[in-house]
Amino acid sequence: MRGDRQSEGDRLSALHLMPPALGPLQRIDLHGLVARVAPWAFAALLAHHVLRYTWVAEDAFINLRVVAQALDGWGLVWNQGERVQVYTSPLWLWMTLAASAVMGDPIQSVVWLSLATAGLTVLLLWRLCDRQPLTWLWLTLLWCSARSVRDYLCSGLETPLVMAAVALTVALCRAPPLLTTRQLGSLLAACALVRHDLVLLLAPLVLLTAWRQANAAHPGDVWPTARALLLGTWPL
């Protein structure tokens, strides 16, 4: 009897020494914590990039000179009276021209455009990660640590627009695709407005997506797909 009482007393003492179990409200929600911290972490990382790496590349002044000529009423030319296209990205030039007309300072315009386009890329990465905070955080950190992003994110060039175009195309071509075959062709044509060589990079993905759609709708018949892509890419 005395031994049973002693063992029962030891068990009660051990229970008193054990830490209390965490309840459902006391457990750490890792995904919720990351979802709350990730936007602030990205904002701090983006501010670090802006403060340390913002610069205007030599090639960016080609666009800025064309923008200045257009704002002075001479059109999208390098020299007055010479109809020569010297810019690489038509869409980036038009965005810079619109922002410069509003803000009045072309250099500040390209910096703010770069930041806005980078923010769009991050939102598209969130879509590609299926809104998983941990995956999105790691992918964003890897993206920001790339040397091309660090050196050219705020350089005045169309690099952030190219990144956003690639992320947008991948997001729209995921299964199930969000666009019809003709719309996929139009998307490929729109990428040519960013950079002409971007079509070579994204064409295999767009063609594969269109082929999967055609194979599901018309097995063995590739003519509807080819016709839709031809109509979609007609602006090229």
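In this text the structure is predicted, and so the values were computed from the model without any measurement.

So, about helix H8 (residues 159-172). For H8, built from 14 residues, the straight-helix expectation of 20 Å at 1.5 Å per residue is met to within 8% by its first-to-last C-alpha distance of 20 Å. Burial analysis of H8 places 10 of its 14 residues in the buried class, which makes it a mostly covered element. Taken together, the buried positions of H8 are Pro160, Leu161, Val162, Met163, Ala164, Ala165, Ala167, Thr169, Ala171 and Leu172.

Look at helix H3 (residues 60-71) against helix H4 (residues 90-103): their axes get within 10 Å of each other, and the N-to-C directions meet at 55°. Between H3 and H4, the angle is such that the two are oblique. Viewed along their axes, H3 and H4 form a crossing whose handedness is right-handed. On H4, the residues that touch Asn63, Leu64, Val66, Val67, Ala70 and Leu71 of H3 are Trp92, Leu93, Thr96, Leu97, Ser100 and Ala101. Across the contact of H3 with H4, the residue classes tally to nine nonpolar, three polar and no charged.

Next up on the list: the confidence of the model for the chain. On average, residues of the chain carry a pLDDT of 76, and 74% of them reach 70 or more. The element-level mean pLDDT for the chain is lowest in helix H1 (residues 2-17), coming to 49, with H4 highest at 93. Predicted confidence for residues 21-26 stays below pLDDT 50, and this span has two contacts to residues more than four positions away or in other chains.

Ranked by internal contacts, the top residues of the largest apolar core, which has 21 residues, are Leu179, Leu184, Leu188, Val194, Leu198, Leu202 and Val206. Elements supplying a minimum of two residues to this core: H4, H8, helix H9 (181-194) and helix H10 (198-217). Beyond its immediate sequence surroundings of up to four residues, Val194 is in contact with Thr88, Ser89, Leu91, Leu161, Val162 and Ala165. Leu115, Ala118, Cys144 and Cys154 belong to the second-largest nonpolar core, a separate cluster that totals 13 residues.

This part takes up the environment of Ala70. Looking at the secondary structure, you find Ala70 in helix H3. For the pair Ala70 and Gln80, spaced 10 residues apart in the sequence, the C-alpha separation amounts to 9.9 Å.

Here Ser100 lies in helix H4. From its side chain, Ser100 meets the backbone oxygen of Thr96 in a polar contact 2.7 Å long.

Looking now at the packing of aromatic side chains. Applying the stated criterion across every chain, the model contains one aromatic pair. Ring centres of Trp55 and Tyr152 lie 6.1 Å apart, and the angle between their planes is 50°; on these two criteria the pair is classed as tilted. Of this pair, Trp55 sits in the loop between helix H2 (30-53) and H3 while Tyr152 sits in helix H7 (residues 147-152), and the two are 97 residues apart along the sequence. Judged by relative accessible area, Trp55 falls into the partly exposed class, the value being 34%. Residue placement shows Arg65 over the ring face of Trp78; its charged tip is 4.5 Å from the ring centre.

Conventions adopted
- Residues numbered from 1 in each chain as written.
- Predicted model: local features only at pLDDT ≥ 70, side-chain atom pairs only at ≥ 80, totals over all residues.
- Heavy atoms only, no water.
- Helix = DSSP H or I, 4+ residues; strand = E, 2+ residues; numbered from the N terminus.
- Expected span 1.5 Å × (residues − 1).
- Buried < 20%, exposed > 50% of the residue type's maximum accessible area, 1.4 Å probe, protein only.
- Axes fitted to C-alpha atoms, helices over the stretch in contact; angles between N-to-C directions.
- Parallel < 35°, antiparallel > 145°, perpendicular 65-115°, else oblique.
- Left-handed = near helix turned anticlockwise from the far one by under 90°.
- Contact = heavy atoms within 4.5 Å.
- Nonpolar A, V, L, I, M, F, W, Y, C, P; charged D, E, K, R; others polar.
- pLDDT = per-residue confidence, 0-100.
- Core = buried A, V, L, I, M, F, W, Y, C linked by side-chain atoms within 4.5 Å.
- Polar contact = N/O pair within 3.5 Å; in protein donor to acceptor, adjacent residues only side chain to side chain.
- Phe/Tyr/Trp six-rings, centres within 6.5 Å; stacked < 30°, edge-to-face > 60°.
- Lys NZ or Arg CZ within 6 Å of the ring centre and 35° of its normal.

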